[in-house]
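What follows is the residue order along each chain.
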Amino acid sequence: MNNSVSVPSRTAGGDPAAFSKPPVRARIEKAIRNLLNVLVLLGSVLVIAALSFEVFHDSQQLYYKSYMKIQLWVCIVFLIDFFYRLYLSPKKMRFVWRNFLLFLVAIPYLHLVPYFQMNPASEISYIFRLMPLVRGGYGLAITVGWITRSKLTSLLVSYILIILSLTYFASLVFFMLEHPVNPAVTSYGEALWWAFMNVTTVGSNIFARTGTGEVLSVVLAASGMMLFPIFTVYITSRFQSHKQQGGQSGADEAGS
């Protein structure tokens, strides 16, 4: 009499919940998650490109309508992805806590402001207009986290993507706010130079004239300083892992 018990294989990308699900259902859920990953990635790239075109072309009426449609559909994809993963998560409150930022950047602020007839301040309006860039950068970061197996590598790559997106975001805001009042900012190239010099903590010879510009200067410098410890930990971890593998190989050869 055979008393062995078959153990279901780990499907659905290593999801522990897959052990209690039929194989067909687990494969369907995995396929849906993979499809949403691709859509989030494409949407992230699309909103960054669309936002850049919208900023530099001063919201031409014909293009602006298409731009708003793009933003709305990308927000819908982000929200579907968020709620689908929430539905699959066995610990829903923990999932909401860890992914609440994704929910915030998925909200279509540009559509809610006119719908509720709100009249935010000019600085808030700029933030709402550039929220799609934050959405795109964060979407790229979490996509890297989904497809990267190593948590440390995922952390490093995600943080680099966030830093680059933040730098680009800050340069656009700085250019729009400082260009009319700051004689040192005559082109977007100078705003981009200012952003990269601040995020590398080198400093720039361009000084902000507005309150928002001053805040961005501090935020960029602080964000750049946080990158170096993560990079150091990553290099140290990789070196130790390589050293341990080398030691294990030597021990195996000596034993044989």
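Sequence order as written defines the numbering, with residues in each chain counted from 1. Residues qualify for local features only when their pLDDT is at least 70, as the model is predicted, and side-chain atom pairs are given and counted only at 80 or more; totals for whole chains, interfaces and linings, by contrast, use all residues. Only hydrogens and water are removed before side-chain values are computed, so all heavy atoms of the structure are retained for them.

**Student:** Sorry, what's going on with the overall build of the chain here?
**Tutor:** For the purposes of this entry, the term helix denotes a DSSP run of H or I that reaches at least four residues, the term strand denotes a run of E that reaches at least two, and both are numbered from the N terminus. The number of helices and strands found in the chain is nine helices and zero strands. Seen in sequence order, the chain has helices and strands lined up from the N terminus as α-α-α-α-α-α-α-α-α. Contacts are assigned to residue pairs with any non-hydrogen atoms lying within 4.5 Å of each other. A sequence separation of at least 24 residues applies to 64% of the contacts in the chain between residues at least 6 apart. The Shrake-Rupley method, run with a 1.4 Å probe, gives the accessible areas here. Residue values count only the displayed protein chains as cover. Surface accessibility of the chain: about 15700 Å² in total, with carbon and sulfur atoms responsible for 68%.

**Student:** I keep staring at the pattern of salt bridges and nothing clicks. Help me out?
**Tutor:** A side chain of one charge can pair with a side chain of the opposite charge when the charged atoms of the two come close. Any carboxyl oxygen of Asp or Glu within 4 Å of a side-chain nitrogen of Lys or Arg constitutes a salt bridge here. Taken as a whole and judged by the stated rule, the model has two salt bridges. One salt bridge connects Glu29 with Arg25, and the closest N-O pair in it is separated by 3.1 Å. Taken as a pair, Glu29 and Arg25 lie in helix α1 (residues 23-56) at a separation of four residues, close to a single helical turn. Three labels apply to residues, based on accessible area from a 1.4 Å probe with only protein chains included: buried if under 20% of the type maximum, exposed if over 50%, partly exposed otherwise in between. Under the relative-accessibility criterion, Arg25 is labelled partly exposed at 39%.

**Student:** Looking at this model, I keep getting lost on the nonpolar core. Mind explaining?
**Tutor:** The nonpolar side chains of a soluble globular protein tend to be buried with one another. The biggest cluster of nonpolar side chains holds 38 residues, and the ones touching the most others in it are Phe78, Phe174, Val185, Tyr188, Ala191, Trp194 and Leu220. Counting only elements with at least two residues in this core, the list comes to α1, α2 (61-88), α4 (100-106), α7 (151-178), α8 (188-199) and α9 (211-255). In terms of residue count, the dominant contributor to this core is α7 (eleven residues). Ignoring anything within four residues of it in the chain, the contact list for Trp194 reads Ala170, Phe174, Ser204, Ile206, Gly213, Leu216, Ser217 and Leu220. Nonpolar cores are built from buried Ala, Val, Leu, Ile, Met, Phe, Trp, Tyr and Cys residues. Side-chain atoms within 4.5 Å join them into one set.

**Student:** Teacher, can you tell me more about the environment of Lys92 here?
**Tutor:** On the secondary structure map, Lys92 appears in helix α3 (residues 92-98). For Lys92, a relative accessible area of 39% corresponds to the partly exposed category. In contact with Lys92, not counting residues within four places along its chain, are Leu86 and Tyr87.

**Student:** Honestly, the confidence of the model for the chain in this entry has me stumped. Any pointers?
**Tutor:** The predicted structure's coordinates, where accompanied by low pLDDT, should not be read in detail. Considering every residue of the chain, the mean pLDDT works out to 74; 70% of them sit at 70 or more. A score from 0 to 100, pLDDT tells how confident the predictor is in each residue. α8 holds the highest mean pLDDT among the elements of the chain, 89, whereas helix α6 (residues 122-147) holds the lowest, 66.

**Student:** How do you make sense of α8 when you look at a structure like this?
**Tutor:** Every α-helical turn comprises 3.6 residues, leaving residues that sit three or four positions apart pointing alike. Helix length check: α8, at twelve residues, gives a terminal C-alpha distance of 17 Å against a target of 16 Å (1.5 Å per residue), a fit within 8%. Backbone geometry just downstream of α8 places Thr201 in the positive-phi region, at approximately 65 degrees. Any helix carries an expected span of 1.5 Å times its number of residues minus one.

**Student:** Honestly, the packing of aromatic side chains in this entry has me stumped. Any pointers?
**Tutor:** One pair of aromatic rings is described through two measures. These are the centre distance and the angle between the planes. Each Phe, Tyr or Trp ring, with Trp reduced to its six-membered ring, pairs with another whose centre is within 6.5 Å; inter-plane angles below 30 degrees give stacked pairs, above 60 give edge-to-face pairs, and intermediate values give tilted ones. The tally for this structure, following the rule as stated, stands at nine aromatic pairs. When the ring of Phe83 is compared with that of Phe103, the centres are 6.2 Å apart and the planes differ by 80 degrees; the resulting orientation is edge-to-face. With Phe83 in helix α2 and Phe103 in helix α4, the pair connects residues that are 20 residues apart, well separated along the chain. According to the relative accessible area criterion, Phe83 is partly exposed, its value standing at 44%. Three or more aromatic residues joined by ring pairs form one cluster here, namely Phe82, Phe83, Phe95, Phe100 and Phe103.

**Student:** So what exactly am I meant to see when it comes to the side chain of Ser171 here?
**Tutor:** Along the chain, Ser171 turns up in helix α7. Pairs of N or O atoms are called polar contacts if they sit within 3.5 Å, as long as, within protein, a hydrogen donor faces a hydrogen acceptor (for residues adjacent in sequence, only side-chain-to-side-chain pairs). At a separation of 2.6 Å, a polar atom in the side chain of Ser171 contacts the main-chain carbonyl oxygen of Tyr168. Contact partners of Ser171, with chain neighbours within four places excluded, come to Tyr188, Ala191, Leu192 and Ala195.

**Student:** I keep staring at unusual backbone geometry and nothing clicks. Help me out?
**Tutor:** Residues other than glycine predominantly adopt negative phi, and peptide bonds predominantly adopt the trans conformation. Despite not being glycine, Thr201 has its phi angle at roughly 65 degrees, a positive value. Within the secondary structure, Thr201 sits in the loop between α8 and α9. Residue Thr201 is classed as partly exposed on the basis of its relative accessible area, which comes to 40%.

**Student:** What am I meant to see in the environment of Leu72 here?
**Tutor:** Its location among the elements puts Leu72 in helix α2. Among the residues examined, Leu72 registers a relative accessible area of 31% and is labelled partly exposed. In this structure Leu72 touches Pro108 and His111, once residues within four positions along its chain are discounted.

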